Each structure stands twice: as C-alpha cells, then as structure tokens.
Amino acid sequence: MPSYRAPVEDTLFLLDDVLGFHNHANLAGFADASPDVVAAVLNEGAKLADDVLAPLNRAGDVEGCTRHPDGSVTTPKGFKAAYDAYAQGGWMGLSVPEAYGGQGLPHTLNTAIQEFGSGANLALSMYPGLTQGAIAALLVHGSDEQKRTYLPKMVEGAWTGTMNLTEPHCGTDLGLLKTRAVPDGDGAYSLTGTKIFISAGEHDLSENIVHLVIARIEGAPAGTKGISLFVVPKFLVNPDGSAGARNGVSCGSIEHKMGIHGNSTCVMNYDGAKGWLVGEVNRGLNAMFVMMNEARLAVGVQGLGQSEVAYQNAAAYAKDRLQGRALTGAKAPDRAADPIIVHADVRRTLMGLRAFNESARALMLWTALQSDIAHRSEDAGERQTADDLLGLLTPVVKGVLTDRGFANAVEAQQMFGGHGYIEEWGMSQFVRDARIAMIYEGANGIQAMDLIGRKLPKDGGRAMMAFLGEVQTFIKDNDEDASMTAFTGPLQAGLNDLQGATMWFMQNAFAKPDNAGAGATDYMHLLGLVAMGYMWARIAKAAVARQAEAASERMAAKLVTGRFYMERVLPETAMRLTRIKAGSDTTMTLAAEAF
C-alpha cells in the first residue's frame, strides 16, 4: 500500500530561508501570517493530507464514482466525510477575503496546501480546488449580488463550484462553442447545450453546485468575441439564500477515464437551465480566464504532487528491495542481496526525481508569491513587475511541472520493476492520475504556444527581460563566492542558452511563424530548466548560510541534490537550444497524406 507524507519541513525552509516570505508583511494578509501561524497552517494541512485524504486514494481509484438512473452521482466511500473535514477546517477560504467568510491569508499558503492535497489524493482534492477557482472568478467579475448569493456558501464549503468550457466538438478552440443563452426577460438567461469533461460536475459532497458556464447569447458575434459567462446553480437559490428548486442542468454520464477515478468527470446537459450573466456581455473569456489561470497554476501543483508522492514510495522501496550486489562490493553481506539503492542507476533516477521536486516546489511557491504581490501590493510598479513574472511563469509552471510530473511518476514506477505494473502496489495509479494534468486546463502544447506567442513578446518582452536580468544579477552578486561556484557557473551556461533561444526566435519566428510552433515546447522546457536552476542557486545560498550557523545533514543533502541538478539536469538547455535552432523546415515538409 503506497504512503504519503506532506513535505512540511521543506516548504517551511523555502518560505523562510529562500523566498523571504516574511519580508512581505506590508502586503494585505501577510501581517497575520506570522512564522508561528504559517507553521501551524502547514502542519495542520499536512495532518489532513496524511491522515484523512491519503488513506482514501487507492480505495477511491478502485471504487470510482457511480451515476444513478436519476442522474445523481455518488463519490467513493469516505470521500464525503473527508470533504466535510476539509470544509469544516476552513481550508476552502484560506486565502479568500474575510468579507466572504474567508481567512484572508496569503495565496502562497493556499498553494502549499494544494500541493499537500494533490500528493495525498488528487481526485478528491480536485473538488475543493475547482471551487476555489470559481470563487476567484466571481470575486473579480461577479456582481455584488452574485458575490453575496454564492461566495459565503462556497467559502463555507456547503456549495462547490465548476468550470464548464469544453463541448464535444471544441476544446481549445472555444470560438466554436454551440451552447446558447436566450434572455428570459427577467434579467436571467435560459441556457441549452452540452458540455463534456466537466470535473466535479455532479456529486454528493455538497448541498449545491455552482456551475460557471460559457455560452453564446443569441445574435452574438461568431468566434471568441461572442462568448459570455454565466453562473448556473444546480439548485436555484431562494430569497433567503437557501437552495431551492432543481435547475435544468443534469449529468448525462460519467466519463470512463484513465485515472482520477474518484473525481466525477461528467457530461453535463443544459436544458433551458436558468443562468445569470457574470461580467459583461460577450466578454466571457476575460472572466473565465481568471479561473483558468488559477486552474493552470493549480494543475502545475498537481504535477508536482504526483511527482513527490511517486518519489517517496520509490525511495522507500529502493531502500527495502534486495536485488543484486553493488558494483563496488557487497554492502549488506549478511543478507542474500543488497538493497537496490546501492546501484548507481537507481541513485541516478531517485536523485533526478528529488532534484526536480525540490526546485519545482520552490518555483511553484515563488510564482504564487508573485500572485500575492500582484494582487495585494499598494505599489503600482511592484504590482506590475510581479504580474509580468506571473504571466510569464504560468505556462511554465503548468506545462513543465506536469510534463515532468508524469515522466517522474513513470520513472518512480520503474523502480518497482514488475511490481510497479501490478495494481496492488499503487504506482500505476500515480502514472494514470498524473497523465491528465498534461491535458486539461489547456494541453501543454497550447501552454508552450501561449508562452511563445503571447507571453514572450508582450509589452516588448518586458517580462522576459526582467527575468533574465534578475537571474543575471544573482549570478553577478554571487560569482566570487567559492561556496556558490558549483551553482553560478552552470546557471550562467543555462542562462546563455535561454538568451540565445530568445534571440533566435526574435530573428526567425516573426517572418516564419512555424519556427515558433516547432520550437515552442523546447523553449518552454528551456525556460523551466533555467527557472528551476535559479531556484536551486537560491536554495544553495540559503543552505550554505544555514550550515554556517550550525552543521546540518539536511542542508548538506540539499547542496548535494542541487549539484546533481546543475551537473546532470540543467545541461539539457543546450539540447533544447539545438532543437530550437533546427527550425521548422523538416517538421513541416511532409504532406499531410504522408502521415
């Protein structure tokens, strides 16, 4: 049976020593997040993840969700009690303003808790995760009445939320959607259409489900310019705020999926369902993108969560499984064979997983901190800089962390040999669950194209220039420190490759856009490698400082893991640059019929 322990100690180290979390006490909500409060929040969140969510992960995968003839859905045994524990603990509103029943704490803390939940039980953690995304969209674009009507119940956890975009004939190209909205004459609209792949679309965890649905109002322009966003509750809301009559929305079926079986991914049918416009007419994508950007970062966290839990179980197995003898001689001569962790190739795999997890966690938290600064700072310049970085890093966090999260789950499964392919060991679930994160909330190829086509050139490349400048300044400030040489040198080489790739696109992609398309995924990963290399350099600096105060085996281990990243992982930037410079000629030469 697989196990999971939330990485509280590492998270606290990153917040306190690496990212300077407590230096932002001037931001709203941060003054309440004292070191003691942060430690208490993370430790309590870890208890919930370790003791409540994780034990249900495998059982939820085996049992799955059940749709009944009346269209209702039952979640796996134990999910309702676990969700209630989450809601009653106030976790849904951790970073939501107090005006709506939340605690108003930094989003960065909520991101850390999301990682714990994703590692412990991805399918179950999606129910509150989607609700938090819907809350974010309503906070920004909902009317005062909509906020009063829905947010307190959603923050309480009594009601949950969803996002309804995809239709059978359109996924990424939302301009093709057919769901229509007809004005009712009383300020509401009647929505009719079908949505697919709707996570948590129907379930038994909450009293009501608040669907955020994109649709086209009759007579609206074609394409994305004619899309509006609506709030469509499962049960209409009575004047006293309670759930009333059933609305015209139902679950037609549950999708049969590769993984996340404990989450009810539904086909949702809207048959004259009553909905209310959120934001402006024909500006629905602007409102929905608040939720989508929130979701994309959360999905990146899911990739990390699956990588972490897979690593934990692979490392435990490697220390226990006896197989063969070490090349340098027996390490356990009193036993029939050595544990496989003595083998260099096993160590290579485990070090790769560990090096990714620790730097990805730092990148995730650093990006979440930019979100807090962008939304809470009173300094316009500070907000802009943070928002630029947030926009630049969002596709990287989503794309790179989920690509690598899935690959790492496969690598961890490999540690088990044939046992990894057997369901009872649980490793295949991590592989199956991690796979969806590369697809939903914008497939990773789309993330790469968004990075190249929109985020990179935005505002004359201001965000990328700021990122390059920050990393270069760090290198310059630390290049004469002997304890940092193993980090600053490789980081400079990776940064040079990133600058080279950026310049190549500037010179070759505008005249020939296919060059951008052919190299977009490599560029996304190149940027991710450098960003995580930068995180490792900052981790190393903090670890060296800690060691100067007192010898620490944990800090020594961090420095070794960081050097592994610099020696064995970061040099991949050179390969990515070579691929980018190959251009698109060979990629685009064959006629479609040749495939």
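Our subject is the structure that appears above.
In what follows, the accompanying structure is described. Since the model is a prediction, treat every value here as computed from it, not as a measurement.

This part is about a nonpolar patch on the surface. A cluster of nonpolar side chains, namely Met-503, Met-506 and Phe-510, defines an oily patch on the protein surface of about 360 Å² accessible area. Following the sequence through the fold, Met-506 ends up in helix 14 (residues 485-508).

Before going further, it helps to examine the pattern of salt bridges. With the rule as written, the count across this model stands at 30 salt bridges. With a closest N to O distance of 3.6 Å, Asp-50 and Arg-5 form a salt bridge. On the criterion of sequence distance, the pair formed by Asp-50 in helix 2 (residues 35-53) and Arg-5 in the segment before helix 1 (8-18) is long-range, its members being 45 residues apart. Ionic pairing is found between Arg-554 and Glu-9, a salt bridge with its closest N-O pair at 3.3 Å.

Further remarks concern the packing of aromatic side chains. Inspection of every chain in the model, using the stated rule, returns 10 aromatic pairs. Ring geometry for Tyr-189 against Phe-230: centres 5.1 Å apart, planes inclined by 65°, an arrangement best described as edge-to-face. Here Tyr-189 is found in strand 5 (residues 189-199), whereas its partner Phe-230 is found in strand 7 (residues 228-233), with 41 residues between them in sequence. Both rings, one in Trp-504 and one in Phe-505, keep their centres 5.9 Å apart while their planes meet at 70°; by these two values the pair is edge-to-face. In this structure, Trp-504 and Phe-505 share a single accessibility class: buried. Through a chain of ring-to-ring contacts, the aromatic side chains of Tyr-317, Phe-416 and Trp-425 assemble into a single cluster. Looking at Arg-246, its charged tip hangs above the ring of Phe-235, at a distance of 5.6 Å from the centre. For Arg-435, the ring lying beneath its charged end belongs to Phe-406, and the centroid distance is 5.4 Å.

A few words on the nonpolar core. Ranked by size, the top nonpolar core spans 179 residues in total, and within it Phe-467 and Tyr-523 carry the most contacts. Examining the composition of this core, we find that 18 residues originate from one element, helix 15 (residues 513-549), more than from any other. Beyond its immediate chain neighbours, meaning those up to four positions away, Phe-467 contacts Trp-366, Leu-389, Leu-392, Leu-498, Leu-527, Val-530 and Ala-531. By size, the runner-up hydrophobic cluster in this structure holds seven residues, among which are Ala-123, Ile-260, Val-299 and Ala-437.

How two helices pack is summed up by the angle between their axes together with the distance between the axes. The contact between helix 2 and helix 5 (residues 107-120) brings their axes to 9 Å, and the two run at 15°. Regarding the angle of helix 2 to helix 5, the classification is roughly parallel. Between helix 2 and helix 5 the crossing geometry is right-handed. On the side of helix 2, the interface is formed by Val-38, Val-41, Leu-42, Gly-45, Ala-46, Ala-49 and Leu-53, while helix 5 contributes Leu-109, Ala-112, Ile-113, Phe-116, Gly-117 and Ala-120. Of the residues belonging to the contact of helix 2 with helix 5, the class tally is 11 nonpolar, two polar and no charged.

Notably, Phe-197 is not glycine yet its phi reads approximately 60°, a positive angle. With respect to the helices and strands, the residue Phe-197 is situated in strand 5.

Time to look at helix 15. Helix length check: helix 15, at 37 residues, gives a terminal C-alpha distance of 53 Å against a target of 54 Å (1.5 Å per residue), a fit within 8%. Most pronounced at Ala-520, the bend in helix 15 amounts to some 50°.

Counting buried residues along helix 1, eight of its 11 residues qualify, which places the element largely inside the surrounding structure. Where helix 1 is concerned, the buried positions are Val-8, Asp-10, Thr-11, Leu-12, Phe-13, Leu-14, Leu-15 and Val-18. Along its buried surface, helix 1 packs onto helix 2, helix 5, helix 9 (344-376), helix 15 and helix 16 (553-569).

With that settled, the discussion passes to the pairing of strand 4 (residues 180-183). Note that strand 4 and strand 5 share four bridges and pair antiparallel. For Arg-180, the partnering residue across the bridge sits in strand 5 and is Thr-192. Here strand 4 folds back onto strand 5, and the loop between the two strands holds five residues, one of which, Gly-185, carries a positive phi near 95°. In terms of strand pairing, strand 4 meets strand 6 (residues 208-217) through two bridges, oriented parallel. Looking across to strand 6, one finds that Arg-180 is bridged to Arg-216.

This part is about the packing of helix 9 against helix 10 (residues 380-414). Axis separation between helix 9 and helix 10 bottoms out at 8 Å; the angle between their running directions is 155°. Taken together, the axes of helix 9 and helix 10 lie roughly antiparallel to each other. Crossing handedness for the pair helix 9 and helix 10: left-handed. Of the residues in the contact of helix 9 with helix 10, the class split is 14 nonpolar, seven polar and five charged.

Turning our attention to the environment of Met-484. The residue Met-484 is located in the loop between helix 13 (462-478) and helix 14 in this model. Owing to a relative accessible area of 1%, Met-484 belongs among the buried residues under this scheme. Each C-alpha atom, one on Met-484 and one on Leu-559, is 9.9 Å from the other, the two residues being 75 residues apart in sequence. Look past the residues within four positions of Met-484 in its chain and what remains in contact with it is Phe-474, Asn-478, Ala-537, Ala-540 and Lys-541.

Procedures and definitions
Residue numbers run consecutively from 1 along every chain, following the written order of its sequence. Predicted model: local features are reported for residues with pLDDT of at least 70 only, side-chain atom pairs are reported and counted for 80 or more only, and whole-chain, interface and lining totals are derived from all residues. Water and hydrogen atoms play no part in the side-chain values, which are based on all heavy atoms of the structure. Patch members must show over 30% relative accessible area and no salt bridge, and they are joined within 9 Å when carrying like charges or within 5 Å when they are nonpolar side chains of Val, Leu, Ile, Met, Phe, Trp or Tyr. To be clear on the numbers: accessible area is Shrake-Rupley with a 1.4 Å probe, and residue cover counts the displayed protein chains and nothing else. We count a salt bridge whenever a side-chain nitrogen from Lys or Arg sits within 4 Å of a carboxyl oxygen from Asp or Glu. The helix count covers DSSP runs of H or I at least four residues long, the strand count covers runs of E at least two residues long, and both are numbered beginning at the N terminus. Here a Phe, Tyr or Trp ring, Trp counted by its six-membered ring, pairs with any other such ring whose centre lies within 6.5 Å, and the pair is stacked when the planes are under 30 degrees apart, edge-to-face when over 60, and tilted otherwise. Note on classification: 1.4 Å probe, protein chains only; a residue is buried when its accessible area is under 20% of the maximum for its type, exposed when over 50%, partly exposed between these limits. Should the NZ of a Lys or the CZ of an Arg lie within 6 Å of a ring centre and within 35 degrees of the ring normal, that charge is described as sitting over the ring. Residues enter a nonpolar core if they are buried and are Ala, Val, Leu, Ile, Met, Phe, Trp, Tyr or Cys, with the set joined through side-chain atoms within 4.5 Å. Contacts are assigned to residue pairs that have any heavy atoms within 4.5 Å of one another. Comment: axis = line fitted to C-alpha atoms, over the contacting stretch for helices; angle = value between 0 and 180 degrees taken between N-to-C directions. What sets the label is the angle itself: under 35 degrees gives roughly parallel, over 145 gives roughly antiparallel, 65 to 115 gives roughly perpendicular, and the rest give oblique. Two helices cross in a left-handed way if the nearer one is turned anticlockwise from the farther one by less than a right angle. They cross in a right-handed way if the turn is clockwise. In this classification, the charged set is Asp, Glu, Lys and Arg, the nonpolar set is Ala, Val, Leu, Ile, Met, Phe, Trp, Tyr, Cys and Pro, and all remaining amino acids, among them Gly, are polar. Every helix has an expected span of 1.5 Å times one less than the residues it contains. Bend angle per residue: angle between axes fitted to the 7 residues ending at that residue and the 7 residues starting there. Strand pairing is assigned whenever DSSP detects at least two bridges linking the two strands.

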